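# Reading the structure
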Amino acid sequence: MWQLTEVHSCLSRMSREQLVVQQARKAFLTGRSKPLDFRTQQLKSLKRFITERQKEITDALKRDLNKSENATLFYELLGLEGEINLALSKLSEWAAPRPVAKNLLTISDEVFIQPEPLGVVLIIGAWNYPISVTLQPLVGAIAAGNAAVVKPSEVSAHTAKVMELLPLYLDPEMYPVVTGGVPETQELLKQRFDHIFYTGSSTVGKVVMEAAACHLTPVTLELGGKSPCYIDKDCDLKIACRRITWGKYVNCGQTCIAPDYILCEPSIQNKVVEEIRKCIKEFYTEDPKTFRDYGRIINQRHFKRIMALIEDSTVAVGGENDESQCYIAPTVLKDVVPESKVMQEEIFGPVLPIVPVNGVNEAIQFINEREKPLVLYVFSSSKKVIKQMMAETSSGGLLANDCLVHFTVSDLPFGGVGNSGIGHYHGKYTFDQLSHLRSCLLKKLSMERVNQVRYPPHSAEKVRWARLLLLKQVNLGRWRQLAHAAMLAALAAFVIRRFLR
Amino acid sequence: MESQKQVIERLRTAFRSGVTTPLHFRLTQLQALLTLLEDNEPQILEAMHKDLAKPKFEAVLSEIDLVVNDLCYTISNLHNWMQPSYVGKNLATKLDDCFVRREPLGLVLIIGAWNYPLQLIVAPLIGAIAAGNCAILKPSEVSKATEQLLSELIPKYLSQECYAVMCGGAEETKLLLENRFDHIFYTGSQAVARSILQAAAVHLTPVTLELGGKCPCLIYGRLDIKAGAKRLVWAKFFNVGQSCVAPDYVLCTTEMRDALLPAIKDALEEFYGTQAQQSPDYGRIITDRHYDRLMELLGKSEGKVVIGGDGVKEDRYIAPTVIVDLKESDALMQEEIFGPILPIITIESLDQGISFINQREKPLALYVFSDESRIVTTVLERTSSGGFCSNDGIVHMTLPGLPFGGVGASGMGSYHGRWTFETFSHRRGCMLRGWGLERISMLRYPPYSERRLGWLRWATTAKKKGWGGCSVM
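Residues numbered from 1 in each chain as written. Chains lettered and ligands numbered in written order. Predicted model: local features only at pLDDT ≥ 70, side-chain atom pairs only at ≥ 80, totals over all residues. Heavy atoms only, no water.

## Some points on the overall build of chain A
For chain A, the helix and strand inventory stands at 18 helices and 17 strands. Oriented by its inertia axes, the alpha-carbon framework of chain A measures out at about 90 × 65 × 35 Å. Every one of the 501 residues in chain A was classed for burial, and the buried ones make up 62%. Long-range contacts, defined here as pairs at least 24 residues apart, represent 71% of the contacts in chain A between residues at least 6 apart. Counting every atom, chain A has about 19,600 Å² of accessible surface; 55% of that belongs to carbon and sulfur. Averaging the positions of the 61 positive and the 53 negative side-chain charges in chain A gives two centres separated by 11 Å. (Helix = DSSP H or I, 4+ residues; strand = E, 2+ residues; numbered from the N terminus. Buried < 20%, exposed > 50% of the residue type's maximum accessible area, 1.4 Å probe, protein only. Contact = heavy atoms within 4.5 Å. Areas by Shrake-Rupley, 256 points an atom, 1.4 Å probe, with all protein chains shown as cover. Lys, Arg positive; Asp, Glu negative; His and termini not counted. Charge placed at Lys NZ, Arg CZ, Asp CG, Glu CD.)

## Considerations on the sheet that holds strand β2 (residues 110-117) of chain A
Reading across from one edge, β1(A)-β2(A)-β17(A)-β16(B)-β15(B)-β8(B)-β9(B)-β14(B)-β13(B)-β10(B) is the order of the 10 strands in this open sheet, with mixed pairing throughout. Looking at which strands have only one partner, the edges of the open sheet turn out to be β1 (98-99) of chain A together with β10 (304-307) of chain B. Pairing between strand β13 (residues 321-324) of chain B and strand β14 (residues 341-346) of chain B: three bridges, direction parallel. Bridge pairing in β14 of chain B links T321 of chain B to I341 of chain B. Against the sheet, helix α12 (residues 350-358) of chain B engages β8 (216-219), β9 (249-252), β14 and β15 (365-369) of chain B, with an angle of about 150° to β9 of chain B. (Pairing = 2+ DSSP bridges. Axes fitted to C-alpha atoms, helices over the stretch in contact; angles between N-to-C directions.)

## Here's the deal with the interface of chain B and chain A
With 107 residues of chain B at the contact, the number on the chain A side is 113 residues. Around 9,400 Å² of area is buried between chain B and chain A when both sides are counted, 59% of it from carbon and sulfur atoms. It is L204, W435 and Y448 of chain B that lose the most area in chain B upon contact with chain A, and together they represent 11% of the buried surface on that side. Between chain B and chain A we count five salt bridges in total. The interface formed by chain B and chain A holds 38 residue pairs in polar contact (both at pLDDT 80 or more) in total. Per-element accounting of the side of chain B that touches chain A gives the leading share, 10 residues, to helix α4 (residues 56-81) of chain B. Here the residues of the side of chain B that touches chain A are counted per class, giving 52 nonpolar, 29 polar and 26 charged. Judged from the four bridges that link them, strand β15 (residues 397-400) of chain A and strand β18 (residues 425-432) of chain B form a sheet pairing that is parallel. Bridge pairing in β18 of chain B links G397 of chain A to G429 of chain B. (Buried area = accessible area lost by both parts, 1.4 Å probe. Salt bridge = Lys/Arg side-chain N within 4 Å of Asp/Glu carboxyl O. Polar contact = N/O pair within 3.5 Å; in protein donor to acceptor, adjacent residues only side chain to side chain. Nonpolar A, V, L, I, M, F, W, Y, C, P; charged D, E, K, R; others polar.)

## Some thoughts on the sheet that holds strand β16 (residues 421-422) of chain A
Residue and element names in this part refer to chain A. Taken in spatial order, the five strands line up as β4-β3-β5-β6-β16 in an open sheet, and their pairing is mixed. Sheet topology places β4 (147-151) and β16 at the edges, where each strand pairs with a single neighbour. With four bridges joining them, strand β5 (residues 195-199) and strand β6 (residues 219-222) adopt parallel strand pairing. Bridge assignment links Y198 to a residue of β6, and that residue is L221.

## Remarks on the pairing of β6 of chain A
Residue and element names in this part refer to chain A. Of the two faces of β6, the one carrying V219 and L221 and the one carrying T220 and E222 are both buried. Following the chain from β5 across helix α9 (residues 202-214) to the adjacent parallel β6, one finds a crossover that is right-handed. Across two bridges, β6 lies against β16 in antiparallel orientation. Considered in β16, the bridge of L221 is made with I422. (Right-handed = clockwise from strand over helix to strand, strands pointing away.)

## A word on the environment of Y377 of chain A
All names here are of chain A. Relative to the elements of secondary structure, Y377 occurs in strand β14 (residues 375-379). Sequence spacing of Y377 and V317 is 60 residues, and the spatial spacing of their C-alpha atoms is 22 Å. Contact partners of Y377, with chain neighbours within four places excluded, come to P228, C229, Y230, I257, A258, P259, L399, D402, C403, L404 and H406. Only 2.5 Å separates the side chain of Y377 from the backbone oxygen of I257, close enough to count as a polar contact. Reaching out from Y377, the side chain makes a polar contact with the backbone nitrogen of L404 at a distance of 3.1 Å.

## So, the confidence of the model for chain B
Looking at chain B as a whole, its pLDDT mean stands at 92, while 95% of the residues score no less than 70. Complex prediction metrics read pTM 0.93 and ipTM 0.93. (pLDDT = per-residue confidence, 0-100.)

## A short note on the packing of aromatic side chains
Residue and element names in this part refer to chain A. Here the structure, examined in full by the defined rule, presents 28 aromatic pairs over all chains. Ring plane angle 75° and centroid distance 4.9 Å describe the contact between F197 and Y425, whose orientation is recorded as edge-to-face. Here F197, found in strand β5, pairs with Y425, found in the loop between β16 and α15 (428-433); they are 228 residues apart in sequence, far enough to count as distant. Accessibility expressed as a relative area gives 0% for F197, which makes it buried. The exposure class assigned to Y425 is buried, which follows from its relative accessible area of 2%. For the pair Y284 and Y294, a centre-to-centre distance of 5.1 Å together with 65° between the ring planes defines the contact as edge-to-face. Of this pair, Y284 sits in helix α11 (residues 266-284) while Y294 sits in the loop between α11 and α12 (300-309), and the two are 10 residues apart along the sequence. (Phe/Tyr/Trp six-rings, centres within 6.5 Å; stacked < 30°, edge-to-face > 60°.)

## Looking at the side chain of K151 of chain A
With respect to the element layout, K151 of chain A can be found in strand β4. Discounting residues that sit within four places of it in the chain, K151 of chain A has contacts with L122, I123, I124, G125, V178, G180, G181, T185 and L188 of chain A.

## Points about the pattern of salt bridges
When their charged atoms lie close together, side chains carrying opposite charge are able to pair. By the definition in use, this model includes 54 salt bridges over all chains. With a shortest N-O distance of 2.6 Å, K226 of chain A and D260 of chain A are connected by a salt bridge. With K226 of chain A in the loop between β6 and β7 (228-231) and D260 of chain A in the loop between α10 (237-249) and β8 (261-264), this pair connects stretches of sequence that are 34 residues apart. Each member of the pair, K226 of chain A as well as D260 of chain A, is classed as buried. Connected through shared salt-bridge partners, R243 and D402 of chain A together with D96 and R433 of chain B make up one network.

Here it is as structure tokens:
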């Protein structure tokens, strides 16, 4: 069935993508996305979408990733709902002018930072948590007063189909959904946006940034990499392994912040393997293949990719697989060496390599020889070890003694550094990332006589007074501030008399 | 002589050693930078005079003092800025520590510009040092004397292991950009910015781009003409109009223009005398090439020159010029002027003025002169720009509390004061959990059940009541 945009695009010889972006820009220029009422109403409609279409969403995710209904509710919708609620309750605070500390010279002026919409934002989603990573940025885009073009991942095809229902809930011109594959995305990237928000791989991230460069468009790139997980000798191994098992095999390891590989001392390797084995059984039963709460690999291409990675390593747990179902059992590899295939790229699957290292110093060295990861995990009962890890490494985020959960704290900026990404979001951070924070100074034309010091012609004396009055910044305690105010008043009076023409 | 790659490798090794991270090191380097400025003020002024005939007053205020103030501000506050900021905890996370750390990025590249050759290199450097990075400085080769001076002084005062100055032109910069940096800070033109962004994309390097554009100055409504004209003239002809935040052109009604012109003439005479070329307080155009560009624009313009218009090539002097009766399509309205030529475009209404502004690229700064606050507010609400200032020009960028930067074609990112420190830092979200409350954690493990989900939804509903941003996991 032909959409109206397709008809228009045919008639005007513009690509569908070009037309959609043009319409979004037109909608933005009407100014209707700016008032807080509009933004609130759209956020509430987005909330209605996820409530009313919950069945369609959970069905789609079951078909895309074999995600069980509860898993979808828990891992996708709960967080998204939380973000919408936070934005609704804080919107007026976030959008209000932010006062800036004044100094003696700006005491009679208004100095503040005004958050403003950027314009038309492009949001490119990913397939692993298709609802969450596509719509959470949308929450911030709406809250900040922008228009947004939403491009869900075509790899999670069923979820993309459900997102086509968004225009029934949101302003359809302001927040269009564009589905399609690589050609459609490339066409979109040729258009001019005021910000591009991309979640996905580093390889494509570079392509997105290069396309953005043509229009000087700022970007937020939520990428990935190999997130290391160091298990210290001194820790509660039982609890650590339980949390790691949970973090690793959720969504079949297809999580950008999944612990990619473990670093631990050889002496505890076997115990780690055993504990993880026990937890796998506890969580996913003896036969994860038939268990409803264990997922599948998204498609055959990724299935083959992951299976190829484990070829040259020793399987300690799992290894069973079924290509016809894209099923890979929860797998642990032991005695993995840095040169092995599984250590060359982000696994993004239910395969957990253990790389033996001799203590925290070697672990830190290992980590620092590689690209900065999206998250770094450290399991230790020693505050000293945790502090050392924190001080001597760099990563998007850091989480001690658990996995994944830092993602849920809206007050923490979520994003990468170096190869794992540019920019961050969640909560107020999304709002700020998709806003322009405009510096404002409102002066009056009065008090002109004081300004005389800065005008030419400049005498040596004037230069001295100007230096003293106009720009000397001092960080003063309250008393000294009062004393200076008095002095300033006296000086001003003197200057006025001296330089008055 | 070290090659580019050798310098980069040396600085990276220094960064990896962790030497730039401690507060003490950063403060020592910042102090050294302060000493550099204090010890060498006459030489710096001399160099800027050679490059731009910059009047001492301007050089002192807009280059040295601006940077010294930023340095002092940073030195006093650095310890605070470096502290982790703890985020709100609620019932569920009482046993956890959630905080944001500011961490160094690594090796950063700072590319300066010629119009404020000291400020535009040193102000970013302050933040780069404060944030614990190593830095390569690439001053503009166009302002040769300052470039030379910086390449002598920086290694003399700052750690040579951690900071280096690289000189050269477009070719050398291109080669430099093939290397990987952890942040690139560029001040300059849009055309070059595009190629910098493209080079950055190869390594996924974040950038700050301080660009330019045409900064409009809307003058409307009731107004103290004399005061307004003075501030306008001061802001426009400061550094002979070669400021990224100079008011590029004026928008006002015909009546306003007719009232302004004599006031502008008076202000010019008051500031620079009847022959600006004789005034020691009036600068010069940076190079012959830039002089030619400006005179060509003036030649192509179809407007009427009402003040100035003349130039002396040997001196690179262009008189303070005001030009009226221009159309939108005029040569002077097609690119950023960056010189002492002020077009005045007449409008019939405030709406028309606002439309005019909005039809163009978002500027780095937007100015409104009016005694009526309603007009100021209307323009503020209906336009977008990097920064906004009413009833004055340029000065908004001297306040360290305000982020200075562009939006859209005028740039991305911002700096000054704490904002420079933040620009050159990575904000790392950290969460330190304990081993306790494992029973609560168990609610999240498979097999997933309705009952467990119910408990978790209840716990996360606490968020709605404004208990903070953490959910129970």
